[in-house]
Every structure is written in C-alpha cells, then in structure tokens.
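# Summary of structural features
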Amino acid sequence: MATTPAPHFQAPPKPTWDPRDPVRPLLRPTIRIRLTLLYGGMFLIAGILLLSIIYLFTAQALTDSVSELPFKVVEGRVQPTTSWCELPVQGTGEQLNDAVSVCLRHQSDLALEDLLRRSLFALLGLSIIAFAFGYAMAGRVLSPLGRITRTARQVAGSDLSRRIELDGPDDELKELADTFDEMLDRLERAFTAQQRFVANASHELRTPLAINRTLLEVHLSDPGAPTELQQLGKTLLATNERSEQLVEGLLLLARSDNQIVERKPVDLAEVAERAVDQVHAEAETRGVEIRGVRAPAVAQGNGVLLERIALNLLQNAVRYNIARDGWVEVVTETQPGQAILVVTNTGPVVPAYEIDNLFEPFRRLRQERTGSDKGVGLGLSIARSVARAHGGRIIAEPREGGGLVMRVTLPI
C-alpha cells in the first residue's frame, strides 16, 4: 500500500530582485543598512542625551558658583564666607586681589569636581539604558534567525512540513528564509518519493518471492516427487528464503533512516526477553548459553523496531561465537536520562580498527559479501539505523579474550 504523501506547503514568494544579479537596488533595505541606521541612531540619541545632561549640569554649576561666592563685601570690606577662603585683614590691594583669585580658583575646582561626579553618574545611567535598549533591539533584529533556527530544529526531527514563511522586507534574512523553504520543499518531495518507492518496492519484491516460496512448498509436499527434485526444491527454497531476508532487511534499513515521530514507552527488558525467546533454539543448537540480568529500562520509541535491534544483536552474538562453551550476556539498565541495552559475547578476536566496518551493509569480519548461513550482512547496519532514528547510538568495543561488547544507548 502506497504511503500517503505529506501535505505540500508553498514557500513564500521570492524577492522581487534576482540574488544573482550583481547590480542590486540601491534602496533595498538590507540588514546591513538596517543595522547601520539602528546603531547610528542609538549612538546619536545617546550623544544628544549625554550632551544635554552635561550642559544642564554645567549651567547649574555656573549658577551655583555665581550665587554662592566664597566672600562678600560688608561695609566696604571683603569678608570670607567659607572656611577655606582666607583673606588678609590688612594688606595692599594687590594682595587682596591675589587672595580673592585663589578663593575663586578653589571654588572653580570644587564646581568641576561636582560636575565630573554628576557626569559619571549620568554616564553610568545612560550606559545601563543603552545596553538594555541595545539588547532588546538586537533581539528584535535577530529574531528571524531564531525563527529559522527553530524551524531547522523541528525539521531535524523529521517534520518536513514545517516552513519559515518569514515576512518583512526583502533583505538577506528573508532571502535566507526563502531559500531554506525552497530547500525544504525539495527535501519533502524527495522523502515522499522515497517513502512511495519503499512502499511500492515492498509490494513488488515480496509478492514474487512469496509466490515462489508457495510453489516450492507445494512441490516439496508431494510424497511422490523424486529425491533429486526434492533436494533441488530445498536448495531453491533456502535461496528464496535468503532473498526474502535480504529484501526485508533492505526495506527496514530504508525505513529506519528517518526519525521516529510517534513514540511510546518501551521497556528494553521486555524487548530483550522477546528477542532471547526467538534466538533461544538457535543458541541451544550452537551450544551457546544466554545469560544476564535485565532490569526495567523504559525508552521512548517504536517497540517493533527496538525489538529488531535486540534481535539482530543477539543473532550476531550467537552466530559469531566460539564452538564450545560460548555464552552471550544480555543486560538492560538505566542511567540518568538514558536506557541501555548491552549485549556481550564470546567469539573470535576482533581488531579495534575493524569495528566500524562491521556496521557497513554487507560487511563482516574479513568478509565483504554474503556467503554463509549467518545472515545477509545487514543486521548491524539496521540496528545502527534504528538506534539513530530513535535519537540513540550503538557503540561496539572488542572484548578482552575475544568477542564484542555492543552497547545501545537510547533517550528516556
């Protein structure tokens, strides 16, 4: 059944000018012009305010210095009115003028000190106001970038229906937003086509393989069939089953590359128990012991896909084990913000430099193609893709003495 395509959202109209045109409109309200006008206007306003305050303080200081002279004339004699102004009781006119000049100079110094102190307080107040206003205006100017970032974060969660649809002048930010919306349109169409292809391929590939399997099983059920024909039918049936596994693995790998949108609480301990039950018969046949303590570890995700992770890891751990006295340990636990599944097994020694190759499709240790009865070479690739789709990861480490330690970490 084909997947229903997501609703198509039309991107906002493009700018009225061609971004590739080297000659752009002179009056185009670019972000550089807007920031220049904003910062220049703020600097001009701050300068006018500071100049006005200093002018008022200076006028007040001059008025105070004139109205509050450090001396006064009483009955034809000059008498000081402050303690720091010393005038001679008797002396020549030149001495008196010098003493008056000293008093006036001292009063001027006091007025300048008072003016400087008030100006510093005014500057401090204006700085606080300027920083607050600049912070608010910068947030307003950069708000389109925040909107673009939030949309990109939502798109990263596989919500390709999101669009920025930025309004405003045709500046660089709107050009960026419109380009991003166009890119999302193309990505949405590509992902929709991919989903449709996966759905169609699932049907087209499974149907002939299922028909072949049915025909082979019917012929094998005939008791009068020759022995050679029965042997050929079993071989073809095994080949057909292998092709079905390959198709299922490829389709699951294609589906699991996307993020999981609908998530539910899934207990990894229960998932691991179901995987152990499915692998138990094969483990007994190969003489491999399955053990381990599985504590409750609830993660958010898709139960079927998480069970696929556990099943693939267990199958690899059982099949790639030692011939005698082999074991597989399956442990689930929780850590702050994480649910963890650990699968440890005995087996051949794995060099650390070959760990990453094991997660590539159709790759095995020292092998690059399928050619054994151990699988189709997609198990770890699918497990890694499913873990990434859940926002988690898989880390593989060589075990001392041989084998691997596979650690799956998923967000709670």
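Scroll up to find the structure this text is about.
This report concerns the structure included in the present document. The shown structure was predicted, so the numbers you read here are calculated from the model rather than taken from an experiment.

How each quantity is defined
Residues numbered from 1 in each chain as written. Predicted model: local features only at pLDDT ≥ 70, side-chain atom pairs only at ≥ 80, totals over all residues. Heavy atoms only, no water. Helix = DSSP H or I, 4+ residues; strand = E, 2+ residues; numbered from the N terminus. Buried < 20%, exposed > 50% of the residue type's maximum accessible area, 1.4 Å probe, protein only. Contact = heavy atoms within 4.5 Å. Areas by Shrake-Rupley, 256 points an atom, 1.4 Å probe, with all protein chains shown as cover. Core = buried A, V, L, I, M, F, W, Y, C linked by side-chain atoms within 4.5 Å. Pairing = 2+ DSSP bridges. Axes fitted to C-alpha atoms, helices over the stretch in contact; angles between N-to-C directions. Parallel < 35°, antiparallel > 145°, perpendicular 65-115°, else oblique. Left-handed = near helix turned anticlockwise from the far one by under 90°. Nonpolar A, V, L, I, M, F, W, Y, C, P; charged D, E, K, R; others polar. Phe/Tyr/Trp six-rings, centres within 6.5 Å; stacked < 30°, edge-to-face > 60°. Lys NZ or Arg CZ within 6 Å of the ring centre and 35° of its normal.

Scanning the protein from terminus to terminus reveals seven helices and nine strands. Counting over 412 residues, the protein shows a buried share of 33%. Across the protein, contacts joining residues at least 24 apart in sequence account for 69% of those joining residues at least 6 apart. Roughly 25800 Å² of accessible area belongs to the protein as shown, and the carbon and sulfur atoms make up 59% of that amount.

So, about the nonpolar core. A general trend in soluble globular proteins is that nonpolar side chains are found buried together. In this structure, Ile309, Val328 and Met406 are the most contacted members of the largest nonpolar core, which totals 42 residues. Put simply, the parts of the chain that give this core at least two residues each are helix H5 (268-286), strand E4 (288-291), helix H6 (303-319), strand E6 (326-335), strand E7 (338-345), helix H7 (379-389), strand E8 (393-398) and strand E9 (404-411). At nine residues, the largest contribution of residues to this core is made by H6. Every residue in contact with Ile309, bar those within four places of it in the chain, is listed here: Ala383, Val386, Ala387, Ile394 and Val408. Leu38, Val155, Leu173 and Leu184 belong to the second largest nonpolar core, which has 13 residues in total.

Taken together, the four bridges between E4 and E6 define a ladder with parallel strand orientation. For Val288, the partnering residue across the bridge sits in E6 and is Gly326. Bridge count for E6 against E7 is eight bridges, and the pairing is antiparallel. In the sheet register, Val331 faces E7, and the bridge partner there is Val342.

Between H6 and H7, the least distance of the axes is 9 Å, while the angle of their chain directions is 150 degrees. Taken together, H6 and H7 sit at an angle that is classed as roughly antiparallel. Crossing geometry of H6 relative to H7 is assigned as left-handed. On H7, the residues touching Leu305, Leu306, Arg308, Ile309, Asn312, Leu313 and Asn316 of H6 are Gly379, Leu380, Ile382, Ala383, Val386 and Ala387. Of the residues contributing to the contact of H6 with H7, the split by class is nine nonpolar, three polar and one charged.

Turning next to the packing of aromatic side chains. Under the defined criterion, the tally for this structure stands at zero aromatic pairs. The aromatic ring of Phe57 is capped on one face by Arg118, whose charged end is 5.7 Å from the ring centroid. Positioned above the aromatic ring of Trp327, the side-chain terminus of Arg291 is 4.1 Å from the ring centre.

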